[in-house]
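Coordinate analysis (summary)
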Amino acid sequence: MAHRVKLRHRALAVSSAGIGLTLLLTSCGNGISGQGDDKPIVGLVTKTDDNPFYVKMREGAQKKARELGVDLRTFAGKGQADNDSQVKAIENLVAAGAKGILITPADSGAIIPAIDRARKAGVMVIALDSPTEPASAVDATFATDNRLAGRMIGKWAKGRMAGQRPRIALLDLSSEQVKVDILRNQGFLEGFGIDVRDPKRIGDERDSRIVGREVTGANEEGGRDAMEKLLQKNGSINLVYTINEPAAAGAYQAIKAAGKQKDITIVSIDGGCPGVKNVASGAIGATSMQFPVKMAAEGVAAAAAHAKDGDKPSASSGHGFTNTGVSLITDTPVSGLESKKSDWGLRHCWG
Amino acid sequence: MAHDTVPQHATDPPTTRPEQRGPLARGQAALHTKPLLGPLVVLLLASLFFSVWVGSRFSDPLNISLIVQQVQIIGMVGIAQTLIVLTAGIDLSVGAITVLASVVMGKAAVDQGLPVPLALLLGVVIGGVCGGLNGVLVTRFRIPPFIATLGTLSVFSALTLFYSRSETIRAQDVPPLLSWPGRSIDVLGTDVTYSSLLMIGCFAAVAYLLRGTAWGAHLHAVGDNREGARLSGIRTGRVLLSVYVVAGLICGLAAWFLIGRIGSVSPQAGENLNLQSITAVVIGGTSLFGGRGHVLGTLLGSLIVGVFSSGLALSGVDALWQVFTVGVLVIVAVAADQWIRKVAA
């Protein structure tokens, strides 16, 4: 999920695209509402439209919408900081008479007033992928348990490193303490058996097994830069946690350039097809796979059911949200840990 | 050397001779006539500071070559940006052009089975075409560069996503020629990548174009005073258009370097290149108001950012301080530019 999170540097790009997009979307919303009155309108609002995760999510939602006879309207913001576009998308959907809105909140707190207004207007709102804060602000949440995803690769890494003294490098998303970044990083450390001190903060750990931490922006270039800096700082690193698979791919480039690919194990999270192929080739040791298509399809089904008879989905117990599942993908299984091989991963990957 | 970068008719000589002033004024005059002096001093001081603070891990030849590798994409895109800024413009689409060109190279070679050299050429040409489009918007339609490239930024980004279907081509599938710039040779025990060498070559070539050719003199003249340049017989529209095309071609080459550096072909890559390139240009001492500056300053500017980023990372400082420092550097650089300009006033 994290490589869809954009840094604020793109704000300049965003403002231009945002204006054009909003004009376009507004006109679409008004134009189309006359047609298809028989079908209930459901909106899908993603963080960006330039990321395979959301592309797959949209495709999954569209497929389900066709199946169920739902008029699906998709909107996208331009990254993590772009709460504004998402607020406008919600307003436009409410104005268009939507029955349900599925949203992957860019800012889990700032989006709440817009969601409140939509729900007061009788629209059911479901959070996909990222929970809102508080989670009770929406009718339901379908998401990956990111902390669990982190714990799974943490446990795998612990089993894999048995007998060696671990020297861990952490490649995170950003310095901004973003929620998904925290959940994955802290989950990994917990799974590995490291005291995370404040579980809501990255980087406050005092464990000598952690030898370095850098931020990557969750993309290849950032992953490479960060890994190079960490290797420069400490050449004995033998385990690398990465926020997502693009960052892992970049880190692998740096490790390969240093000739250390045999000595360093990389773990990651996402389940994108390029990432799973990297598991198959051995560049990534293990990854936790999430299921965006399932999130979107379940969300659309719930919205369609709500439009039909007013039903609302109930959260799976103990999570506060409906867990759409996460699978550990590796070709070197660790005993006592359930995992799938990369060929299974290739059949179920996204992007 | 720096005198050559300023066309004779573009700058008035200082009214007072330097030796009649105090040391501060002499320094100011020196910085005015030698635009590379400021960034060079900053780079040396920063390197010295981190060598002392961080120790041998910073001044290690391997780390130096690493810093060069890390700034090479910004450096390349920075060359393109410098050309535009010298004409008193700004190009917000350089990053988008670079990513589009890299996706074209990757898709054409990997998915469409085009011979790799042809795919490579196609990517560079697409870069030139995109630059040309910017040039036409600026010269023919008289759209201010900021607005024109703000528009094409979105257009090129959207095309990239349509064309790539937002999918990344992973490193293992990329043909060797496309990732060739990332390979390295051993020079005195350090890894030097081909792209680092090529980047330095590009800087030298563009520095020569700017200094040693009529095109370079015309470019400076247009940037310093477009109306004056037109009255002195320069075909300003044609010069401007050619600058945008050259900038686009350089972005196309940068795309190749980008693939070499990150291994894969990602439509998400290089999203911060626009602002980073402007940062390198500004810290490198090129005036955002056009006409004054040096392309080699941009090389120094990107190295300054690289040195700070590496030095702060190696000393274990939080990544936010790197962002903070770069911001301060930009402000100091522009303030210095304003101060230096006063010498001519």
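Use the structure listed above.
Below you will find a few notes about this structure. On a predicted model such as this, the values are computed, not experimentally measured, just so you know.

Thoughts on the overall build of chain B
The helix and strand tally for chain B stands at 16 helices and two strands. Since a compact globule built from 345 residues should have a radius of gyration of about 20 Å, the 20 Å found for chain B is in line with a globular shape. Per-residue burial over chain B gives 54% buried out of 345 residues. In chain B, once contacts between residues fewer than 6 apart in sequence are set aside, the share between residues at least 24 apart is 77%. On chain B, the mean spot of the 20 positive side-chain charges and the mean spot of the 15 negative ones are 9 Å from each other.

A look at the interface of chain A and chain B
Many analyses report the size of an interface as the accessible area lost when the parts associate. Listed by partner, the interface residues are 35 residues for chain A and 43 residues for chain B. Note on chain A versus chain B: buried area summed over both sides is about 3,400 Å², and carbon and sulfur give 49% of it. Joining chain A to chain B, the criterion identifies three salt bridges. For the salt bridge of Arg261 of chain B with Glu228 of chain A, the shortest nitrogen-to-oxygen distance reads 2.7 Å. For the pair chain A and chain B, the interface holds 15 residue pairs in polar contact (both at pLDDT 80 or more). Of all the elements in the fold, those that place two or more residues in the side of chain A that touches chain B are helix H1 (11-32), helix H2 (52-68), strand E7 (210-215), helix H7 (220-233), helix H8 (245-257) and helix H9 (273-280) of chain A. Examining the composition of the side of chain A that touches chain B, we find that eight residues originate from one element, H7 of chain A, more than from any other. A breakdown of the residues in the side of chain A that touches chain B according to their chemical character gives ten nonpolar, ten polar and 15 charged.

A short note on the state of the cysteines
Residue and element names in this part refer to chain A. Under the definition given, this model contains one disulfide over all chains. Here Cys273 connects covalently by a disulfide to Cys349, the sulfurs 2.0 Å from one another. On the sign convention where negative means left-handed, the S-S torsion of about 95° between Cys273 and Cys349 marks this disulfide as right-handed. With Cys273 in helix H9 and Cys349 in the segment after helix H11 (342-348), the pair connects residues that are 76 residues apart, well separated along the chain. A relative accessible area of 16% means that Cys273 is categorised as buried.

Looking at the sheet that holds strand E1 (residues 41-46) of chain A
All names here are of chain A. Spatially, six strands are ordered E2-E1-E3-E4-E5-E11 in an open sheet, and the strand pairing comes out parallel. Each edge of the sheet is formed by a strand with only one pairing partner; in this case those strands are strand E2 (71-76) and strand E11 (322-323). Bridge count between E1 and E2: six bridges; the pairing is parallel. Across the sheet, the residue bridging to Val42 is Leu72, located in E2. The strands touched by helix H10 (residues 292-309) within the sheet are E1, E2, strand E3 (100-103), strand E4 (124-128), strand E5 (140-143) and E11, with E4 carrying the most contacts at an inclination of about 170°.

Notes on the nonpolar core
Met76, Ile79, Met105 and Leu178 of chain B are the most contacted members of the largest nonpolar core, which totals 81 residues. Take this core: its biggest share by element is 14 residues, from helix H13 (residues 236-262) of chain B. Among residues more than four places away in sequence, those in contact with Met76 of chain B are Met199, Cys202, Ile250, Leu253, Ala254 and Phe257 of chain B. In terms of nonpolar packing, the next biggest core, distinct from the first, is built from 28 residues, Met152, Met161, Val267 and Val334 of chain A among them.

As for the sheet that holds strand E10 (residues 286-289) of chain A
Residue and element names in this part refer to chain A. With mixed pairing, six strands are arranged side by side in an open sheet as E7-E6-E8-E9-E10-E12. At either end of the open sheet lies a strand with only one pairing partner, and these are E7 and strand E12 (327-330). Shown here is a sheet whose adjacent strand axes are inclined to one another by a mean of 15°, direction ignored. Direction of pairing for strand E6 (residues 168-172) relative to strand E8 (residues 239-242): parallel, over a ladder of four bridges. By the bridge assignment, Ile168 is partnered in E8 with Leu239.

Criteria and cut-off values
Residues numbered from 1 in each chain as written. Chains lettered and ligands numbered in written order. Predicted model: local features only at pLDDT ≥ 70, side-chain atom pairs only at ≥ 80, totals over all residues. Heavy atoms only, no water. Helix = DSSP H or I, 4+ residues; strand = E, 2+ residues; numbered from the N terminus. Rg over C-alpha atoms; globule rule 2.2 N^0.38 Å. Buried < 20%, exposed > 50% of the residue type's maximum accessible area, 1.4 Å probe, protein only. Contact = heavy atoms within 4.5 Å. Lys, Arg positive; Asp, Glu negative; His and termini not counted. Charge placed at Lys NZ, Arg CZ, Asp CG, Glu CD. Buried area = accessible area lost by both parts, 1.4 Å probe. Salt bridge = Lys/Arg side-chain N within 4 Å of Asp/Glu carboxyl O. Polar contact = N/O pair within 3.5 Å; in protein donor to acceptor, adjacent residues only side chain to side chain. Nonpolar A, V, L, I, M, F, W, Y, C, P; charged D, E, K, R; others polar. Disulfide = S-S within 2.5 Å. Pairing = 2+ DSSP bridges. Axes fitted to C-alpha atoms, helices over the stretch in contact; angles between N-to-C directions. Core = buried A, V, L, I, M, F, W, Y, C linked by side-chain atoms within 4.5 Å.

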